[in-house]
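Read off the chains here:
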Amino acid sequence: MQTLVLKGKEAIEKGARLIASGEVVAFPTETVYGLGADAFNEAAVKKIFIAKGRPSDNPLIVHIADKNGLQGLVTDVSEGAKAVIEKFMPGPITVIMKKGKDVPYCVTAGLETVGIRMPSHEVAREFIRACGKPIAAPSANKSTHISPTSAEHVFEDMNGAIPLIIDGGECEVGIESTIIDMSTDVPTILRPGAITAEMLAGVLGAVKTFSGKVVVAKAPGMKYKHYAPRCETVVAEDAESAIKAYDDASEKGLNPVVIAKTGTCALLGGRTHIDLGNTDAEICRNIYAALHRGEKIAGYIICEHLGDKGVCGSVMNRVLKSAGGKIV
Ligand code: AMP
Ligand code: MG
């Protein structure tokens, strides 16, 4: 299959035609690129799993263009869920609610709940509007690989496997949406993101953050390897350990690279590095592109620990998975 990469009106019109004919289409959002299909067309949804090589017990998020899109997708919308929707949608958040009866189980991986997201990215919203139906989509990468934040990243993973990539430039936020489960008694964050626990607590009073231990996988995706570059990746506690890891790896001929904040990069001497920028928003926006670049130019990636708090805490949630939890 030939994979087209198109921009603008032409891309959206072609994308909508493909979705209507039961195909999958990659599209930009403010978080990462998604790989979408008509959420009510089971055969089309199955193509997402095939193109990604994704296990079928890992559910997809259903994307809508506006609040009317919620109709038929969910039941029992709690006051808390309404408040979160009101405050944060459109934006980088996914709200888990009880699913409507017509939402196919292949979208929810057999669960009675469904994740709903309303992207703020104008191209995403125009695309969903043009399709005229909710779009089920996970990130548009091959299963376990780094999530895509540009059309080029999608092309690298999906060339030949999907008919169209809608190119909307680089993603502003840069990591996947925050997922909040509003189907439980206490709202629970299943995946941290740019909308932080503190921001959600401001609306909900209290939220539980995911403790890290998966007994019954509530967000089934959490039990899988994720966001992994093709080469070994580790997290360094600080600049000093990054330098030591770099020099050790160099000696072994591993061709290392350090990914770090601007301030740390200044301490690295002539060592190869990728600069993430300084602010939370820059670091979040740049992290996946840095990992993509790292695996291309190096054989060993050392990422600086970026902290546990706020947005950087969410970024580290991804980076620690990229590294398989390995800290040096
Ligand atoms: P991706 O953004 O590629 O990771 O794919 C969507 C993610 O949304 C999955 O990995 C799940 O963790 C999460 N998700 C989607 N629907 C649900 C749901 N009903 N309950 C819990 N998690 C969900
Ligand atoms: Mg993903």
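Structure: above.
**Describing helix α6 (residues 151-158)**
Inspection of α6 places Ala151, His153, Val154, Asp157 and Met158 among the buried residues, and these make up the whole buried set. Each buried residue of α6 lies within a common arc of 155° when the element is viewed along its axis, so the set occupies one face. Backbone geometry just after α6 places Gly160 at a positive phi near 90°.

**Some points on the side chain of Glu30**
Relative to the assigned elements, Glu30 resides in the loop between β2 (25-27) and β3 (34-38). From its side chain, Glu30 meets the backbone nitrogen of His121 in a polar contact 3.3 Å long. With near-sequence residues (within four places) excluded, Glu30 lies in contact with Gly91, Pro92, Arg117, Pro119, Ser120, His121, Cys171, Glu172, Val173 and Gly174.

**Brief notes about unusual backbone geometry**
Here the bond from Met89 into Pro90 is cis, since omega is 0°, no more than 30 degrees from zero. Note on placement: Pro90 falls in the loop between α3 (79-88) and β6 (93-99). At Tyr227, a position not held by glycine, the phi torsion is positive, near 55°. For Tyr227, the position within the fold is in the loop between β12 (208-209) and β13 (232-236). Under the relative-accessibility criterion, Tyr227 is labelled buried at 3%.

**Comments concerning the sheet that holds strand β15 (residues 273-275)**
In space, the four strands of this open sheet follow the order β13-β16-β14-β15, with parallel pairing throughout. On the outer flanks of this sheet lie β13 and β15, each paired with one strand and no other. Each neighbouring strand pair of the sheet contributes to a mean axis angle of 20°, computed without reference to strand direction. Pairing geometry for β13 and strand β16 (residues 300-304), over five bridges, is parallel. Each bridged residue has a counterpart across the sheet, and for Val235 the counterpart in β16 is Cys303.

**Quick word on the packing of aromatic side chains**
One pass over the full model with this rule turns up two aromatic pairs. Judged by centre distance (5.2 Å) and plane angle (40°), the ring pair of Phe27 and Phe127 falls under tilted. Placement of Phe27 in strand β2 and of Phe127 in helix α5 (residues 122-131) is noted, with a sequence separation of 100 residues between them. Residue Phe127 is classed as buried on the basis of its relative accessible area, which comes to 0%. Seen in terms of ring centroids, Tyr227 and Tyr288 are 5.9 Å apart; in terms of plane orientation they differ by 35°. Their pairing is tilted. Residue Tyr227 is found in the loop between β12 and β13, and its partner Tyr288 is found in helix α10 (residues 280-297); the two are separated by 61 residues along the sequence. For the residue pair Tyr227 and Tyr288, the accessibility class agrees, reading buried in each case. Sitting above the plane of the Tyr105 ring, Lys99 keeps its charged end 4.3 Å from the centroid.

**Examining the pattern of salt bridges**
Per the stated rule, a full pass over the model turns up 15 salt bridges. Between Lys244 and Asp248 there is a salt bridge, with its nearest N and O atoms 2.9 Å apart. Within this pair, Lys244 and its partner Asp248 are both found in helix α8 (residues 239-251), separated by four residues, close to a single helical turn. When its relative accessible area of 35% is taken as the criterion, Asp248 is described as partly exposed.

**Notes on the site of ligand 1**
The environment of ligand 1 is made up of 18 residues, and the closest members are Arg54, Asn58, Thr113, Ser139 and Arg191. A distance of 3.0 Å separates an oxygen atom of ligand 1 from a polar atom in the side chain of Arg54. One of the side-chain nitrogen or oxygen atoms of Asn58 is found 3.0 Å away from an oxygen atom of ligand 1. Contributions of two or more residues to the shell around ligand 1 are made by β7 (113-117) and β11 (188-191). Ranked by residues supplied to the shell around ligand 1, first place goes to β7 with three residues. Class assignment for the residues of the shell around ligand 1 results in 10 nonpolar, five polar and three charged.

So, how was this worked out
- Within each chain, residues carry numbers counting from 1 in the order of the written sequence.
- Think of it this way: whatever chain is written first is A, whatever ligand is written first is 1, and the rest follow in order.
- The predicted origin of the model limits local features to residues at a pLDDT of at least 70 and limits the giving and counting of side-chain atom pairs to 80 or more, whereas totals for whole chains, interfaces and linings rest on all residues.
- Side-chain numbers here rest on the full set of heavy atoms in the structure, without hydrogens or water.
- Burial classes follow relative accessibility: with a 1.4 Å probe on protein chains only, a residue under 20% of its type's maximum area counts as buried, one over 50% as exposed, and anything between as partly exposed.
- Strands here are runs of E lasting at least two residues and helices are runs of H or I lasting at least four, both read from the DSSP assignment and numbered beginning at the N terminus.
- Arc definition: it is the arc formed by the directions from the helix axis to the C-beta atoms.
- Counted as a polar contact is a pair of N or O atoms within 3.5 Å, where, for protein atoms, one must be capable of donating a hydrogen and the other of accepting one, and residues adjacent in sequence contribute only when both atoms are in side chains.
- By definition in these notes, contact holds between two residues if any of their heavy atoms fall within 4.5 Å.
- In this description, strands pair whenever DSSP reports at least two bridges between them.
- Throughout, an axis means a line fitted to C-alpha atoms (over the contacting stretch in the case of helices), and angles, computed between N-to-C directions, take values from 0 to 180 degrees.
- The rule is short: rings of Phe, Tyr and Trp, with Trp giving its six-membered ring, pair when the centres are within 6.5 Å, and they are stacked under 30 degrees, edge-to-face over 60, tilted in between.
- By definition, being over a ring means that NZ of Lys or CZ of Arg is both within 6 Å of the ring centre and within 35 degrees of the ring normal.
- Only one rule defines a salt bridge in this text: a Lys or Arg side-chain nitrogen within 4 Å of an Asp or Glu carboxyl oxygen.
- Proximity criterion: a residue is near a molecule or strand once any of its heavy atoms comes within 4 Å of it.
- Each residue gets one of three labels, nonpolar for Ala, Val, Leu, Ile, Met, Phe, Trp, Tyr, Cys and Pro, charged for Asp, Glu, Lys and Arg, and polar for the others, Gly among them.

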